[in-house]
Amino acid sequence: MTSFNRSTSRRLKKLTQIPSVWEGDRRPLSSPSQHSDSEAKGECILWVDYSQGVVRGMDVVASDIGPEAIVRTLMQAMEHPQSPARPARPQRIVVKDREIQFYLRGVLQDLDIAIDYAPELPLIDELFRGFADILDSQTPDLPPQYAQILREKAFAIWQAAPWEFLEEQQILSIEINKWDVGTLYASVMGMLGMEYGILFYRSEESLKQFRAAVLRDEESTEHLEEAFLKQDCLFLTFESADETDEEDDLADLPLSEIDPTFGNIHPLEGLRSVLYDEEALVILVAIESLSRFIRDHRRQLHEDIFPTLSRRYRISLPQSEESTKSIAVTVSTMPQLAAELEEMAGFGVDEREIENLDFQSLQDDLIPEDSFLSLGVVSWEMLEYLRKGVSYHPAGEIKQVGDGLPVILIQTSRPKAKTVIERIETVGGLRAICFNPGADSFDGDRYDLGLLQTQNGELFLFGEFLDEDPIHVEARKKWNQRCKNTKGYCGLIIAKGLTGASRGNPQLRDMMALFEARSLSPKDLGIGTLQLMPQLKFE
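Residues numbered from 1 in each chain as written. Predicted model: local features only at pLDDT ≥ 70, side-chain atom pairs only at ≥ 80, totals over all residues. Heavy atoms only, no water.

*Asks:* Whenever I open this one, the overall build of the protein chain confuses me. Can you help?
*Replies:* What the protein chain contains, in helices and strands, is 15 helices and 22 strands. Expressed as a percentage of its 539 residues, the buried residues of the protein chain come to 48%. Split by element, the accessible area of the protein chain, about 28,000 Å² in all, is 47% carbon and sulfur. (Helix = DSSP H or I, 4+ residues; strand = E, 2+ residues; numbered from the N terminus. Buried < 20%, exposed > 50% of the residue type's maximum accessible area, 1.4 Å probe, protein only. Areas by Shrake-Rupley, 256 points an atom, 1.4 Å probe, with all protein chains shown as cover.)

So, in structure tokens, the structure goes:
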């Protein structure tokens, strides 16, 4: 058994010994009426002066901490008691746990303190009853009758992962017409791989006001926080159950380490991570109808063009005080609102740039077949070096937002790189970079085609990527978001060194040209899905 150092015992014996009886105990924090895991909540250690009716020492420890913890708290109660008590040593200690009694007798044997057992500790019992009343009076984060089903529906959304194909501005309306809620407007977060969840706005106006405020004050933390608290919405977000994993992408974690959180934001209430009964039913119905809609229209929602879709569902309600057993809910896409929000953010390309373009047959002879190709980003600092050190062709004023300029990097041999650069320069430079859908009617494969558009309107194929390639899907997600950050600006880097030591990882000295351009969506390009023809060329 661990005992005090002699010096510690001498120090404690110098304390004035008062004719008092102290009670001590260690109990779980959760109340008997709560069904939570007491080990997760921890335990409370209390030392009270029964003679004076005051708390001298108190601490909260994990349930697996050994008996040393109760001694540490006792030492605090003696040497550094809570006000108004003064440092002192009791004549007698009473506990209701035989193991604690025997342990303290061994540890405190040199301090002339009697250690007794009693089946009841009146003052401590009264204090813990008060703690339990406080815990019982606290509002739970979710109504108990809906907590389990809400978490189940949340995990269903997590596994459906709508953020893999829905962007924040691609709003879905959920018409409920019950509990004083008409239509909710769902905005899916997560394509950035930073915050995952869904905001259910109670009005279009609130959604638009928040988007406008973010665009107006995107560099002001104070104003962004104010705009955030002025939203009018319910929310479902996902976090790591282990707070130490904050730097990890949640998408890489197993389901057991994902924790859903529900709540409400309102201009007059602010943020609260608590749902009341009606709010819980509203978000439950919204999540269930949204899950069904995603299941039924997943393929259409994967298309680059946000489609017009609508579907009606009958959603069963859990048993409750509600007399209604089910309600009808209509879920619809809102392409017009999505376009309006994109226009607010300045996404896309000026219409004047894409009017009357004379698209010719797609050519595939610009980029050498054995080239190394990657989608990536050049930091703003590196970009300045590039502009000064290579053949540079600017496209306009680029605002430095995000981690850098999104770029397509093409590495080939030096002679072939020079030929590519000269061909692009001969036709006036690079106008745009685009990813457009392609299909092979023979084997049914679908492709994401990387296209370069030169200033004279010609289109050149630089890459063919299978739609189901997870590496390319992830790279495209990052490409799309970075292009949004830069308001549609991107770049093409031509590098040499394909056969050298820097193959696949060209250094600054290998880069020969930077063509800045605009990012075009398939809708902007307007040529539809390209079909693979028998001669193995996309036309």
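*Asks:* What is the right way to read the pairing of strand S3 (residues 54–61) from this model?
*Replies:* The two faces of the sheet receive side chains in turn, since in a regular strand these alternate between them. Across 7 bridges, the pairing between strand S2 (residues 43–49) and S3 is antiparallel. Bridging across to S3, Val48 finds its partner in Val55. (Pairing = 2+ DSSP bridges.)

*Asks:* Any chance you could explain the packing of aromatic side chains here in plain terms?
*Replies:* When we look at a pair of aromatic rings, we describe it by the centre distance and by the angle of the planes. If you walk through the whole model with that rule in mind, you get 8 aromatic pairs. Residues Trp163 and Tyr196 carry aromatic rings whose centres are separated by 5.2 Å and whose planes lie at 70° to one another, so their mutual orientation is edge-to-face. Taken together, the positions of Trp163 in the loop between helix H6 (144–160) and strand S6 (172–178) and Tyr196 in strand S8 (residues 196–201) put the pair 33 residues apart, joining distant regions of the chain. Judged by centre distance (6.4 Å) and plane angle (50°), the ring pair of Phe435 and Phe465 falls under tilted. With Phe435 in strand S17 (residues 430–439) and Phe465 in strand S19 (residues 459–466), the pair connects residues that are 30 residues apart, well separated along the chain. The pair formed by Phe435 and Phe465 is uniform in burial state, with each residue classed as buried. Following the ring pairs from residue to residue traces out a cluster consisting of Trp158, Trp163, Tyr196 and Phe238. Lying over the aromatic face of Tyr117, Arg98 brings its terminal NZ or CZ to 3.7 Å of the ring centre. (Phe/Tyr/Trp six-rings, centres within 6.5 Å; stacked < 30°, edge-to-face > 60°. Lys NZ or Arg CZ within 6 Å of the ring centre and 35° of its normal.)

*Asks:* I would appreciate a short explanation of helix H4 (residues 98–107) in the present structure.
*Replies:* Taken residue by residue, H4 has Ile100, Gln101, Tyr103, Leu104, Gly106 and Val107 as its buried positions. Contact partners of the buried residues in H4: strand S1 (17–28), S2, helix H3 (68–79), strand S4 (89–95) and strand S5 (114–117). The distance from a side-chain oxygen at the start of H4 to the backbone nitrogen of Glu99 is 2.8 Å, and the residue carrying that oxygen is Asp97. (Contact = heavy atoms within 4.5 Å. Polar contact = N/O pair within 3.5 Å; in protein donor to acceptor, adjacent residues only side chain to side chain.)

*Asks:* Is there a simple way to think about a negative patch on the surface in this case?
*Replies:* Judged by side-chain charge, Glu303, Asp304, Asp445, Asp467 and Glu468 come together as a negatively charged surface patch. Mapping Glu303 onto the fold places it in the loop between helix H9 (277–301) and strand S12 (310–316). (Patch = residues over 30% accessible without salt bridge, like charges linked within 9 Å, V, L, I, M, F, W, Y side chains within 5 Å. Salt bridge = Lys/Arg side-chain N within 4 Å of Asp/Glu carboxyl O. Lys, Arg positive; Asp, Glu negative; His and termini not counted. Charge placed at Lys NZ, Arg CZ, Asp CG, Glu CD.)

*Asks:* Looking at this structure, how should I read the nonpolar core?
*Replies:* Formed by 52 residues in total, the largest nonpolar core has its most connected members in Ile174, Ile176, Phe200, Phe238 and Phe262. Broken down by element, the residue count for this core peaks at 12 residues, all from H9. Discounting residues that sit within four places of it in the chain, Phe238 has contacts with Ala154, Ile157, Trp158, Trp163, Tyr196, Gly197, Leu250, Ile258, Asp259 and Pro260. Trp22, Met75, Met78 and Val107 belong to the second largest nonpolar core, which has 26 residues in total. (Core = buried A, V, L, I, M, F, W, Y, C linked by side-chain atoms within 4.5 Å.)

*Asks:* Explain a nonpolar patch on the surface to me, please; I cannot follow it from the model alone.
*Replies:* Taken together, Phe228, Leu229 and Leu271 make up a surface patch of nonpolar side chains, about 240 Å² in accessible area. Secondary-structure assignment places Leu229 in helix H8 (residues 221–229). According to the relative accessible area criterion, Leu229 is partly exposed, its value standing at 33%.

*Asks:* Sorry if this is basic, but what is going on with the sheet that holds strand S13 (residues 326–333) here?
*Replies:* What holds strands together in a sheet is hydrogen bonding between their backbones, with the strands either parallel or antiparallel. With respect to topology, 8 strands assemble into an open sheet ordered S11-S10-S9-S8-S7-S6-S13-S12, the strand pairing being antiparallel. The sheet is open, and its two borders are formed by strand S11 (270–272) and S12, each paired with just one other strand. Neighbour-to-neighbour, the strand axes of the sheet open up by a mean angle of 25°, direction not taken into account. Summarising the sheet, strand S10 (residues 258–266) and S11 pair through 3 bridges and their orientation is antiparallel. Within S11, the residue paired with Asn264 across the bridge is Arg272. On the sheet, H9 packs against S6, strand S7 (181–189), S8, strand S9 (233–240), S10, S11, S12 and S13 and is oriented at approximately 140° with respect to S12. (Axes fitted to C-alpha atoms, helices over the stretch in contact; angles between N-to-C directions.)

*Asks:* Can you walk me through the side chain of Glu23 in this structure?
*Replies:* Here Glu23 is to be found in strand S1. Buried within the structure, Glu23 lacks any salt-bridge partner; Arg27 is the closest side chain of opposite charge, at an N-O distance of 7.0 Å. A distance of 3.5 Å separates a polar atom in the side chain of Glu23 from the backbone nitrogen of Leu123. There is a polar contact of 3.1 Å between the side chain of Glu23 and the backbone nitrogen of Ile124. Discounting chain neighbours no more than four positions away, the residues touching Glu23 are Leu46, Trp47, Val48, Tyr50, Val94, Leu121, Pro122, Leu123 and Ile124.

*Asks:* Can you help me understand the environment of Ile398 in this one?
*Replies:* Considering the arrangement of structural elements, one finds Ile398 in the loop between strand S15 (391–393) and strand S16 (405–411). By relative accessible area, Ile398 is classed as buried at 10%. Separated by 87 residues in sequence, Ile398 and Asn485 have C-alpha atoms that sit 10.0 Å apart. If near-sequence neighbours (up to four positions away) are discounted, Ile398 is found in contact with Trp380, Arg387, Leu405, Thr486, Tyr489 and Glu516.

*Asks:* Looking at this structure, how should I read the pattern of salt bridges?
*Replies:* Pairs can form between side chains of opposite charge once their charged atoms are near each other. All chains considered together, the criterion is met by 26 salt bridges. A salt bridge links Arg11 to Glu79, with the shortest nitrogen-to-oxygen separation between them at 2.7 Å. Within this pair, whereas Arg11 is found in helix H1 (residues 6–13), its partner Glu79 is found in helix H3, the two being separated by 68 residues in sequence. Overall, Arg11 belongs to the partly exposed group, its relative accessible area being 38%. In this structure Glu79 comes out as buried when scored by relative accessible area, which is 18%. Among the ionic pairs, Lys13 bridges to Asp112, the shortest N-O distance being 3.8 Å.

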